[in-house]
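Here is what each chain is made of, one letter per residue.
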Amino acid sequence: MKKIIIQSQLGSYPIHIGYKTVLKHVSSVLTSLRLGPHFVIITSPTLSHLYGYKLRRHFSSSVKVDQILISDQEKDKNMDTVQKIISRLIKLKAHRKTCLVAFGGGVIGDITGFVASIYMRGVPFIAFPTTLLSQVDSSIGGKCGVNTQEGKNLVGSFYPPRAVFSECSFLKTLPQKHYRSGLAEVIKYAVIDNQKLWTILHAHPSQILKRIPSVLEKVITSCVLTKKKFIEEDEKDFSKRQILNFGHTIGHALEAHAAYRGITHGEAIAQGMYTATDLSLQRKLCRPKTAGGIRSLLKKYGFQKQPLPPNISSTIARDKKRENKAISWILIEELGKPQRVSIPQEVF
Ligand SMILES: NC(=O)c1ccc[n+]([C@@H]2O[C@H](COP(=O)([O-])OP(=O)(O)OC[C@H]3O[C@@H](n4cnc5c(N)ncnc54)[C@H](O)[C@@H]3O)[C@@H](O)[C@H]2O)c1
Ligand SMILES: [Zn+2]
């Protein structure tokens, strides 16, 4: 098992990564962090059915463990769900020392972290990410929140977990569509900053697509280390962290445009990476060879370029990355050399 510490101004926390090795450490980690004695697991009916029993077994018998089931569909990542959880927490008599447990993918993690940040002005939470995307991205960095009708993640807070337990064997039941969604974020890290990951992704697509444990653990650890570098330098997302938004300018707009149905976050940002790559080439920022390499990696993992909806620019304009009348893009000069570029709205 690997342990990576994320340094945060709001409290540092460990990420435990491993294959069939992580859960046995849960009880001792929670004791050392002095969390409990009341835990509330927030998860979906599917995940509770698949792993609920297994997870609960790893909490000490001396603590009380309750559970709240919610929908983990993107369309339900909203204030209604937040309100429902809060009502249930009050009924369960959750108090300021109650520790919330996010057990699921990015949707569960984002909602749970946000509820933890506001319930009784803040209670601790820990995360058990169960999707590739949440293990490589959303469970790290303390961003949490929900969508509104107007856009993605428009309500939220920075609120880090007290610990993250990334058990890679949870990924074996993840539907392929959602597994590939996580791979889009993995590709993003490879393009913006991780030459080693880029080489692994090009060299071993079949092992990665088949989720071979040893490769998986290596890929996840590599992604976490890349994200750590960006967020530790700019936790509140004022400068360097924005690089992690490569592919997200279009990606978030596509998700909002589809009303958060039918398209995964990864599928949306894969399209965003195609557009950002095209823009980089059009603006002569990068060479055709660099653009070709990015496109070929996206194709290798099953992401085909799709035409953008005709009115997508108005959806982008509502995105929170907008600065005045300009849209903030992350473009690519070469592999490992991204650039923040402000482009007037009417140009796109
Ligand atoms: N906070 C951040 O920094 C950050 C970063 C990136 C993405 N996100 C957010 O993450 C969300 C997407 O998260 P996601 O890709 O993890 O997907 P998800 O949470 O939407 O889950 C996808 C589906 O997989 C199912 N599932 C999850 N784990 C499973 C498992 N082990 N076995 C079987 N089924 C399983 C879920 O029930 C769900 O139906 C988006 O809302 C996105 O905005 C947040
Ligand atoms: Zn993302």
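Rules used throughout
Residues numbered from 1 in each chain as written. Chains lettered and ligands numbered in written order. Predicted model: local features only at pLDDT ≥ 70, side-chain atom pairs only at ≥ 80, totals over all residues. Helix = DSSP H or I, 4+ residues; strand = E, 2+ residues; numbered from the N terminus. Expected span 1.5 Å × (residues − 1). Buried ≥ 20, exposed ≤ 12 C-beta atoms within 10 Å, placed from the backbone. Pairing = 2+ DSSP bridges. Axes fitted to C-alpha atoms, helices over the stretch in contact; angles between N-to-C directions. Contact = placed C-beta atoms within 7 Å. Domains from an automatic or database assignment. Nonpolar A, V, L, I, M, F, W, Y, C, P; charged D, E, K, R; others polar. Parallel < 35°, antiparallel > 145°, perpendicular 65-115°, else oblique. Left-handed = near helix turned anticlockwise from the far one by under 90°. Near = placed C-beta within 6 Å. Core = buried A, V, L, I, M, F, W, Y, C linked by C-beta atoms within 7 Å.

### Points about helix α11 (residues 265-282)
In a regular helix each residue adds 1.5 Å, so 18 residues correspond to 26 Å; α11 covers 25 Å between its end C-alpha atoms and thus fits that length. With respect to burial, α11 is a largely interior element, 15 of its 18 residues being buried. Lysine 284 sits one or two residues past α11 and shows a positive phi near 60 degrees.

### Examining the sheet that holds strand β1 (residues 2-6)
In spatial order, the strands read β1-β2-β9-β6-β5-β3-β4; together these seven strands make up an open sheet with mixed pairing. Every other strand in the sheet has two partners, leaving β1 and β4 (64-69) as the edge strands with one partner each. For this sheet, the mean angle separating the axes of adjacent strands, direction not counted, is 20 degrees. Across five bridges, the pairing between β1 and strand β2 (residues 13-18) is antiparallel. Each residue of the ladder has a partner; that of isoleucine 6, found in β2, is tyrosine 13. Against the sheet, helix α9 (residues 213-233) contacts β1, β2 and β9 (163-167), and its axis sits at roughly 160 degrees relative to β2.

### Brief notes about the domain arrangement of the protein chain
Segmenting the protein chain into domains produces domain 1 (2-173) and domain 2 (191-347). One C-alpha centre belongs to domain 1, the other to domain 2, and the line joining them spans 26 Å. Contacts between the two partners involve 29 residues from domain 1 and, on the opposite side, 26 residues from domain 2. Along the lines of polarity and charge, the residues of the side of domain 1 that touches domain 2 split into twelve nonpolar, ten polar and seven charged.

### Focus on the pairing of strand β7 (residues 143-148)
Regular strands have side chains that alternate between both faces of the sheet. Among the six residues in β7, five count as buried, and that is most of the element. Inspection of the sheet shows β7 paired to strand β8 (residues 151-158) by five bridges, in the antiparallel sense. Considered in β8, the bridge of cysteine 144 is made with serine 157. Count of turn residues in the β7/β8 antiparallel hairpin: two residues.

### Quick word on the packing of helix α6 (residues 176-193) against helix α7 (residues 195-203)
Helix packing for two helices is described by the angle between their axes and how far apart those axes are. Running from N to C, α6 and α7 point in directions that differ by 130 degrees, and their axes come no closer than 7 Å. The angle between α6 and α7 places the two elements in the oblique class. Note that α6 runs across α7; the crossing there is left-handed. Where α6 approaches α7, its residues Val186, Ile187, Tyr189 and Ala190 are matched on the opposing element by Leu197, Trp198 and Leu201. For the contact of α6 with α7, the class distribution of residues is seven nonpolar, no polar and no charged.

### Considerations on the site of ligand 1
Taken together, 30 residues form the shell around ligand 1, and within it Gly105, Gly106, Thr131, Leu133 and Ser138 come nearest. If you list the elements that add at least two residues to the shell around ligand 1, you get α2 (45-57), α4 (106-118), α5 (132-138), β7 and α6. Classifying every residue of the shell around ligand 1 by side-chain character gives nine nonpolar, 15 polar and six charged.

### What about the nonpolar core?
Of all hydrophobic cores here, the largest spans 95 residues; its most connected members are Ile42, Leu100 and Val101. With nine residues, α6 is the largest single contributor of residues to this core. Taken domain by domain, this core gets at least three of its residues from each of domain 1 (2-173) and domain 2 (191-347). Setting aside its immediate chain neighbours within four residues, isoleucine 42 contacts Ile68, Ile70, Ile85, Leu100, Val101, Ala102, Phe103, Ile108 and Thr112.

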